[in-house]
Amino acid sequence: MTEQTPGFSTLAIHAGAQPDPTTGARATPIYQTTSFVFEDVDHAASLFGLQAFGNIYTRIGNPTNAVLEERVAALEGGTAGLAVASGHAAQVLIMHALMTPGDEFVASKKLYGGTINQFTHTFKNFDWNVVWADPDDIASFERAVSPKTKAIFIESIANPGGVITDIEAVAQVARRAGVPLIVDNTLATPYLCQPIKFGADIVVHSLTKFLGGHGNSLGGMIVDAGTFNWSRENRYPMLCEPRPEYNGIVLHETFGNFAFAIACRVLGLRDLGPALSPFNAFMILTGIETLPLRMQRHCDNAQAVAEWLSQRSEVAWVSYPGLGGDRYHNLAKKYCPKGAGAVFTFGLKGGYDAGTKLVGNVKLFSHLANIGDTRSLIIHPASTTHKQLTDAQKVQAGAGPDVVRLSIGIEDKDDIIADLEQAMTA
Ligand SMILES: *Cc1c(COP(=O)(O)O)cnc(C)c1O
């Protein structure tokens, strides 16, 4: 690359990659190998002692995955990344590095349904205790903080409701509490929003969605902003205490502003094991090359569909922050000025039955439980993704009985709108 700081589109194609030194291959090769030969005995010993960086075994790191890690870290403006098997695995590794049994973390109650489940039920088994706060009431985050709080977790654009969280305001609460702010940036992607610029200390992604972008590969990513001071008050034992298995080194002293990513790799990924397949890393890298083009088209199409829906007599409401009257419109202008994303919800006057009927009648839209595909997707959350939640939790999460969620693809917008029209009038 040239001397000048590369722009976002250039980074999306080039960051982390160079022609393969052995073969000259221009695309990043899929290093489909479990393990890597050591140069000699001393080299092997230094790799195992964390005195040198290098490849040992694909559960801990792989050269294809390393390109993906460097690329997403560059796009987010972080110091280091860690690629893992799924977005949910990334969340587990983050909390594993931060929490000890009995600890608490504060989370926005407007989150992806699967994350609400993970936090409510599965994390209980580790005695990691979630305390919910309301993203529409920043003071509720402040009130939720206790001496046991180890982190605050929000989504930039919250799934499924088109909620935009005031990242900067929550970051101030995290600063005052002395805990890191974790932002799930899956729905926005770094093309629309870079949470680190607004005070996030850790960014997490489901690469499965817009970053991979083609609905063909699962993956997750942890990005370390390099901003948090882990040494304070010995609150984070994994980062602050000597590691017996690594000659007694203290991770935050040895690795400085990328110590968090290292902790997630050499303790979390090593021992919990949710490694990303290099094949999936290759698919996701290919997807990221066109992220800026796709994301702009996703947003432009979503804006057109939201405007069309808001004129329809069958539609009770549309929750899309790109609409002028939307309650999150000003936050969208601040945090996502290029577009308000492509996942949003709307309500049908006919309620639950109208929602399931619409989903049954679409032809171009695919009825499935994913978002961030090139294809337009539709789901009725109350009967599917959010079914496990109580009625009150459903409404809180923006998934009441009348709610339909769309993930607008990059087809021709006239075809997307025509499909919704025929399905509503069928
Ligand atoms: C899908 C999703 C996740 C979970 O990611 P997986 O890759 O499916 O494990 C987490 N957060 C958000 C916002 C998501 O959309």
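Not measured: the values here are computed from a predicted model. (Residues numbered from 1 in each chain as written. Predicted model: local features only at pLDDT ≥ 70, side-chain atom pairs only at ≥ 80, totals over all residues. Heavy atoms only, no water.)

J.: Quick question: what am I supposed to make of the domain arrangement of the chain here?
T.: As a measure of interface size, the accessible area lost when the parts come together is often cited. Splitting the chain by domain gives domain 1 (8-287) and domain 2 (293-425). With centres defined by C-alpha atoms, the gap from domain 1 to domain 2 works out at 29 Å. Across the contact, 35 residues belong to domain 1 and 38 residues belong to domain 2. Carbon and sulfur atoms supply 59% of the area that domain 1 and domain 2 bury against each other, a total of about 3100 Å² over both sides. It is Pro160, Ile164 and Phe210 that lose the most area in domain 1 upon contact with domain 2, and together they represent 24% of the buried surface on that side. Asp136 is the salt-bridge partner of Arg327, the closest N and O atoms lying 3.6 Å from each other. Across the contact surface, domain 1 and domain 2 share twelve residue pairs in polar contact (both at pLDDT 80 or more). Looking at the side of domain 1 that touches domain 2, the elements with two or more residues in it are α5 (113-122), β6 (163-164), α7 (167-177) and α8 (189-192). For the side of domain 1 that touches domain 2, the class distribution of residues is 16 nonpolar, 13 polar and six charged. (Domains from an automatic or database assignment. Contact = heavy atoms within 4.5 Å. Buried area = accessible area lost by both parts, 1.4 Å probe. Salt bridge = Lys/Arg side-chain N within 4 Å of Asp/Glu carboxyl O. Polar contact = N/O pair within 3.5 Å; in protein donor to acceptor, adjacent residues only side chain to side chain. Helix = DSSP H or I, 4+ residues; strand = E, 2+ residues; numbered from the N terminus. Nonpolar A, V, L, I, M, F, W, Y, C, P; charged D, E, K, R; others polar.)

J.: Sorry if this is basic, but what is going on with the packing of aromatic side chains here?
T.: Here a ring pair, both rings aromatic, is described through the centre-centre distance and the interplanar angle of the planes. Under the counting rule described, the total for this entry stands at 19 aromatic pairs. On the numbers, 4.6 Å between centres and 70 degrees between planes, the contact of Phe198 with Tyr335 is edge-to-face. Taken together, the residues span a long stretch of sequence, with Phe198 in the loop between α8 and β8 (202-206) and Tyr335 in helix α14 (residues 329-335) at a distance of 137 residues. Residue Phe198 shares its accessibility class with Tyr335, and that shared class is buried. Both rings, one in Phe228 and one in Tyr236, keep their centres 5.9 Å apart while their planes meet at 90 degrees; by these two values the pair is edge-to-face. Residue class for Tyr236 comes out buried when judged on its relative accessible area of 1%. What links up through ring pairs into an aromatic cluster is the set Phe105, Phe119, Phe123, Phe126, Trp128, Trp132 and Phe153. Sitting over the face of the ring of Tyr236, Lys150 holds its NZ or CZ atom 5.8 Å from the ring centroid. Across the ring face of Tyr191, the terminal group of Lys338 is positioned such that the distance to the ring centre comes to 4.5 Å. (Phe/Tyr/Trp six-rings, centres within 6.5 Å; stacked < 30°, edge-to-face > 60°. Buried < 20%, exposed > 50% of the residue type's maximum accessible area, 1.4 Å probe, protein only. Lys NZ or Arg CZ within 6 Å of the ring centre and 35° of its normal.)

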